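# Reading the structure
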Amino acid sequence: MSETAIRAAIVEVNAELERRGMNVCSTGNISVRWNDGMLITPAGCRVETLAPEHIVFTRFDGTWDGPLRPSSEQAMHRAVYQHAPAAKAVVHSHADNCVALSTFRKPIPAFHYMIQGFGGMEVPCVDYHPFGSEELGEAAGKALAERTACLLANHGMLARGATLLAAFEAALKLEALARQYLLASSLGAPTLLTAEEWVTVQQQYRTYGKAQALDRQPRWQLP
Ligand SMILES: [Zn+2]
(Lines give C-alpha, C1' and ligand atoms only; values in the text may rest on other atoms or scores of the structure.)
Protein backbone atom coordinates (compact mmCIF):
# COMPACT_ATOMS: atom_id res chain seq x y z
CA MET A 1 0.00 0.00 0.00
CA SER A 2 1.32 3.46 -0.88
CA GLU A 3 2.22 6.13 1.66
CA THR A 4 -0.52 8.33 0.17
CA ALA A 5 -3.15 5.65 0.71
CA ILE A 6 -1.99 5.01 4.30
CA ARG A 7 -2.19 8.73 5.13
CA ALA A 8 -5.74 8.86 3.76
CA ALA A 9 -6.72 5.72 5.72
CA ILE A 10 -5.39 7.20 9.00
CA VAL A 11 -7.52 10.31 8.44
CA GLU A 12 -10.58 8.10 7.78
CA VAL A 13 -10.06 5.96 10.90
CA ASN A 14 -9.48 9.09 13.00
CA ALA A 15 -12.83 10.47 11.82
CA GLU A 16 -14.58 7.12 12.33
CA LEU A 17 -13.32 6.92 15.93
CA GLU A 18 -14.68 10.43 16.50
CA ARG A 19 -18.06 9.47 14.98
CA ARG A 20 -18.21 6.55 17.41
CA GLY A 21 -17.51 8.80 20.39
CA MET A 22 -14.09 7.24 20.97
CA ASN A 23 -11.99 10.26 19.98
CA VAL A 24 -13.63 13.30 21.55
CA CYS A 25 -11.77 16.44 20.37
CA SER A 26 -9.07 14.15 18.93
CA THR A 27 -7.79 12.95 22.31
CA GLY A 28 -6.72 9.71 20.64
CA ASN A 29 -3.98 9.07 18.12
CA ILE A 30 -3.28 6.60 15.33
CA SER A 31 -0.17 5.31 13.58
CA VAL A 32 0.91 2.84 10.90
CA ARG A 33 4.40 1.34 10.70
CA TRP A 34 6.29 2.80 7.76
CA ASN A 35 9.94 2.24 6.72
CA ASP A 36 12.21 2.87 9.75
CA GLY A 37 9.43 4.56 11.68
CA MET A 38 5.73 5.29 11.50
CA LEU A 39 3.12 7.58 9.99
CA ILE A 40 1.29 9.14 12.96
CA THR A 41 -1.40 11.75 13.62
CA PRO A 42 0.06 15.16 14.53
CA ALA A 43 -0.08 16.79 17.99
CA GLY A 44 -3.13 18.97 18.46
CA CYS A 45 -4.93 17.61 15.41
CA ARG A 46 -8.63 18.29 14.90
CA VAL A 47 -10.90 15.92 13.07
CA GLU A 48 -12.54 18.88 11.29
CA THR A 49 -9.32 19.93 9.60
CA LEU A 50 -7.06 16.87 9.59
CA ALA A 51 -5.83 16.06 6.08
CA PRO A 52 -3.54 13.30 4.75
CA GLU A 53 -0.61 15.74 4.37
CA HIS A 54 -0.78 16.50 8.12
CA ILE A 55 0.16 12.92 9.07
CA VAL A 56 3.75 13.01 10.32
CA PHE A 57 6.47 10.53 9.35
CA THR A 58 8.36 9.92 12.60
CA ARG A 59 11.46 7.72 12.83
CA PHE A 60 12.08 5.34 15.71
CA ASP A 61 14.99 7.58 16.78
CA GLY A 62 12.41 10.29 17.58
CA THR A 63 13.14 12.61 14.63
CA TRP A 64 10.40 13.54 12.16
CA ASP A 65 9.88 15.15 8.79
CA GLY A 66 7.94 18.36 8.10
CA PRO A 67 6.74 21.34 10.11
CA LEU A 68 4.15 19.56 12.28
CA ARG A 69 5.01 17.82 15.55
CA PRO A 70 3.89 14.18 15.88
CA SER A 71 1.39 13.12 18.55
CA SER A 72 2.61 13.63 22.13
CA GLU A 73 2.15 9.86 22.55
CA GLN A 74 4.67 9.01 19.85
CA ALA A 75 6.86 7.18 22.41
CA MET A 76 3.97 4.80 23.16
CA HIS A 77 3.42 3.99 19.48
CA ARG A 78 7.15 3.56 18.87
CA ALA A 79 7.53 1.19 21.83
CA VAL A 80 4.71 -1.04 20.56
CA TYR A 81 6.38 -1.44 17.15
CA GLN A 82 9.70 -2.20 18.82
CA HIS A 83 8.28 -4.79 21.25
CA ALA A 84 5.86 -6.45 18.81
CA PRO A 85 7.30 -7.14 15.34
CA ALA A 86 3.81 -8.22 14.16
CA ALA A 87 2.36 -4.77 14.95
CA LYS A 88 1.73 -2.78 11.79
CA ALA A 89 -0.77 -0.26 13.21
CA VAL A 90 -1.59 1.23 16.63
CA VAL A 91 -4.73 2.98 17.91
CA HIS A 92 -4.86 4.91 21.20
CA SER A 93 -8.21 6.11 22.58
CA HIS A 94 -9.76 7.69 25.66
CA ALA A 95 -12.95 5.69 25.03
CA ASP A 96 -15.39 6.17 27.93
CA ASN A 97 -15.73 2.63 29.26
CA CYS A 98 -12.04 1.85 28.98
CA VAL A 99 -11.17 5.06 30.84
CA ALA A 100 -13.71 4.24 33.56
CA LEU A 101 -12.29 0.74 34.04
CA SER A 102 -8.69 1.96 33.88
CA THR A 103 -9.22 4.01 37.05
CA PHE A 104 -9.44 0.73 39.01
CA ARG A 105 -5.91 -0.13 37.78
CA LYS A 106 -6.83 -3.78 37.30
CA PRO A 107 -6.85 -6.11 34.30
CA ILE A 108 -10.15 -7.03 32.62
CA PRO A 109 -10.56 -10.68 33.68
CA ALA A 110 -11.97 -13.70 31.83
CA PHE A 111 -15.62 -12.69 32.13
CA HIS A 112 -16.21 -13.35 28.40
CA TYR A 113 -14.50 -15.65 25.92
CA MET A 114 -13.70 -12.73 23.58
CA ILE A 115 -10.99 -11.63 26.02
CA GLN A 116 -8.92 -14.38 24.36
CA GLY A 117 -9.05 -12.34 21.13
CA PHE A 118 -6.40 -10.05 22.68
CA GLY A 119 -4.03 -12.95 23.28
CA GLY A 120 -4.69 -14.29 26.78
CA MET A 121 -6.97 -14.84 29.75
CA GLU A 122 -7.05 -11.17 30.76
CA VAL A 123 -6.48 -7.74 29.22
CA PRO A 124 -3.68 -6.12 31.23
CA CYS A 125 -3.79 -2.64 32.74
CA VAL A 126 -0.50 -0.75 32.46
CA ASP A 127 0.66 1.10 35.61
CA TYR A 128 0.08 4.84 35.68
CA HIS A 129 2.80 7.06 34.16
CA PRO A 130 2.52 10.67 32.93
CA PHE A 131 1.00 11.00 29.47
CA GLY A 132 3.54 11.35 26.69
CA SER A 133 6.39 10.02 28.85
CA GLU A 134 9.02 7.50 27.81
CA GLU A 135 8.05 5.51 30.93
CA LEU A 136 4.47 5.18 29.74
CA GLY A 137 5.71 4.22 26.28
CA GLU A 138 7.99 1.51 27.60
CA ALA A 139 5.36 0.06 29.95
CA ALA A 140 2.73 0.03 27.20
CA GLY A 141 5.15 -1.47 24.69
CA LYS A 142 5.98 -4.33 27.09
CA ALA A 143 2.27 -4.94 27.76
CA LEU A 144 1.58 -5.26 24.03
CA ALA A 145 4.50 -7.61 23.35
CA GLU A 146 2.21 -10.59 24.03
CA ARG A 147 -1.22 -8.93 23.82
CA THR A 148 -3.02 -6.91 21.15
CA ALA A 149 -4.68 -4.45 23.55
CA CYS A 150 -4.37 -3.09 27.08
CA LEU A 151 -5.80 -0.51 29.43
CA LEU A 152 -3.61 2.41 30.58
CA ALA A 153 -4.26 3.27 34.23
CA ASN A 154 -6.28 6.48 34.69
CA HIS A 155 -5.81 7.27 31.00
CA GLY A 156 -7.41 5.02 28.38
CA MET A 157 -6.57 2.13 26.09
CA LEU A 158 -4.12 1.03 23.42
CA ALA A 159 -4.59 -1.53 20.63
CA ARG A 160 -2.39 -2.91 17.88
CA GLY A 161 -3.02 -4.93 14.73
CA ALA A 162 -1.40 -6.52 11.71
CA THR A 163 -3.36 -3.95 9.67
CA LEU A 164 -4.94 -0.58 10.47
CA LEU A 165 -8.36 -2.21 10.20
CA ALA A 166 -7.34 -4.90 12.72
CA ALA A 167 -6.05 -2.29 15.20
CA PHE A 168 -9.24 -0.24 14.77
CA GLU A 169 -11.43 -3.31 15.33
CA ALA A 170 -9.39 -4.34 18.37
CA ALA A 171 -10.07 -0.89 19.85
CA LEU A 172 -13.81 -1.20 19.12
CA LYS A 173 -14.00 -4.71 20.61
CA LEU A 174 -12.12 -3.71 23.76
CA GLU A 175 -14.43 -0.73 24.32
CA ALA A 176 -17.48 -3.01 23.87
CA LEU A 177 -16.07 -5.56 26.35
CA ALA A 178 -15.23 -2.78 28.84
CA ARG A 179 -18.83 -1.55 28.60
CA GLN A 180 -20.18 -5.09 29.10
CA TYR A 181 -17.87 -5.75 32.05
CA LEU A 182 -18.93 -2.50 33.73
CA LEU A 183 -22.60 -3.36 33.12
CA ALA A 184 -22.18 -6.84 34.60
CA SER A 185 -20.21 -5.44 37.55
CA SER A 186 -23.14 -3.19 38.47
CA LEU A 187 -24.81 -6.30 39.92
CA GLY A 188 -21.70 -7.43 41.83
CA ALA A 189 -18.64 -9.47 40.88
CA PRO A 190 -19.34 -11.40 37.63
CA THR A 191 -18.67 -15.14 37.49
CA LEU A 192 -15.48 -15.69 35.50
CA LEU A 193 -14.70 -18.57 33.16
CA THR A 194 -12.69 -21.29 34.91
CA ALA A 195 -9.19 -22.31 33.82
CA GLU A 196 -10.70 -25.53 32.46
CA GLU A 197 -13.29 -23.64 30.41
CA TRP A 198 -10.53 -21.35 29.16
CA VAL A 199 -8.57 -24.29 27.72
CA THR A 200 -11.54 -24.94 25.43
CA VAL A 201 -11.73 -21.24 24.52
CA GLN A 202 -8.06 -21.31 23.50
CA GLN A 203 -8.64 -24.40 21.36
CA GLN A 204 -11.64 -22.75 19.68
CA TYR A 205 -9.68 -19.57 19.02
CA ARG A 206 -7.11 -21.47 16.98
CA THR A 207 -9.74 -21.76 14.25
CA TYR A 208 -12.16 -18.96 15.24
CA GLY A 209 -12.78 -16.58 12.37
CA LYS A 210 -10.64 -18.66 10.04
CA ALA A 211 -13.24 -21.22 9.00
CA GLN A 212 -14.14 -19.30 5.87
CA ALA A 213 -12.41 -16.57 3.96
CA LEU A 214 -15.17 -13.98 3.83
CA ASP A 215 -14.40 -11.20 1.43
CA ARG A 216 -14.71 -8.22 3.71
CA GLN A 217 -14.97 -4.87 2.03
CA PRO A 218 -14.81 -2.04 4.55
CA ARG A 219 -15.92 1.37 3.43
CA TRP A 220 -12.33 2.52 3.45
CA GLN A 221 -9.37 0.87 1.85
CA LEU A 222 -7.18 0.11 4.84
CA PRO A 223 -3.71 -1.38 4.87
ZN1 LIG B 1 -4.04 9.60 25.74
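Right, let's walk through the structure included here. (Residues numbered from 1 in each chain as written. Predicted model: local features only at pLDDT ≥ 70, side-chain atom pairs only at ≥ 80, totals over all residues.)

Within the chain one finds six helices and seven strands. Start at the N end of the chain and walk to the C end: the helices and strands fall as α-β-β-β-α-β-α-β-α-β-β-α-α. By the compact-globule yardstick of 17 Å for 223 residues, the chain fits well, its C-alpha radius of gyration being 17 Å. Principal-axis analysis of the C-alpha atoms gives the chain an extent of 55 × 40 × 30 Å. Pairs at least 24 residues apart make up 65% of the contacts formed inside the chain by residues separated by at least 6 positions. (Helix = DSSP H or I, 4+ residues; strand = E, 2+ residues; numbered from the N terminus. Rg over C-alpha atoms; globule rule 2.2 N^0.38 Å. Contact = placed C-beta atoms within 7 Å.)

Another point: the nonpolar core. The nonpolar side chains of a soluble globular protein tend to be buried with one another. Core analysis: the biggest nonpolar cluster contains 55 residues, and Ala140, Cys150, Leu151, Met157, Leu158 and Leu174 have the highest contact counts within it. Looking at which element gives the most residues to this core, the answer is helix H5 (residues 164-185), with eight residues. Dropping the residues within four chain positions of it, methionine 157 is found in contact with Ser93, Ala95, Cys98, Ala149, Cys150, Leu151, Leu152, Ala171 and Leu174. (Core = buried A, V, L, I, M, F, W, Y, C linked by C-beta atoms within 7 Å. Buried ≥ 20, exposed ≤ 12 C-beta atoms within 10 Å, placed from the backbone.)

Only one face of strand E3 (residues 56-59) is buried, namely the one carrying Val56 and Thr58, since none of Phe57 and Arg59 on the opposite face is buried. With four bridges connecting them, strand E2 (residues 37-40) and E3 associate as antiparallel partners. Note that in E3 the partner of leucine 39 across the bridge is phenylalanine 57. (Pairing = 2+ DSSP bridges.)

Nothing here speaks to function; it is all geometry.
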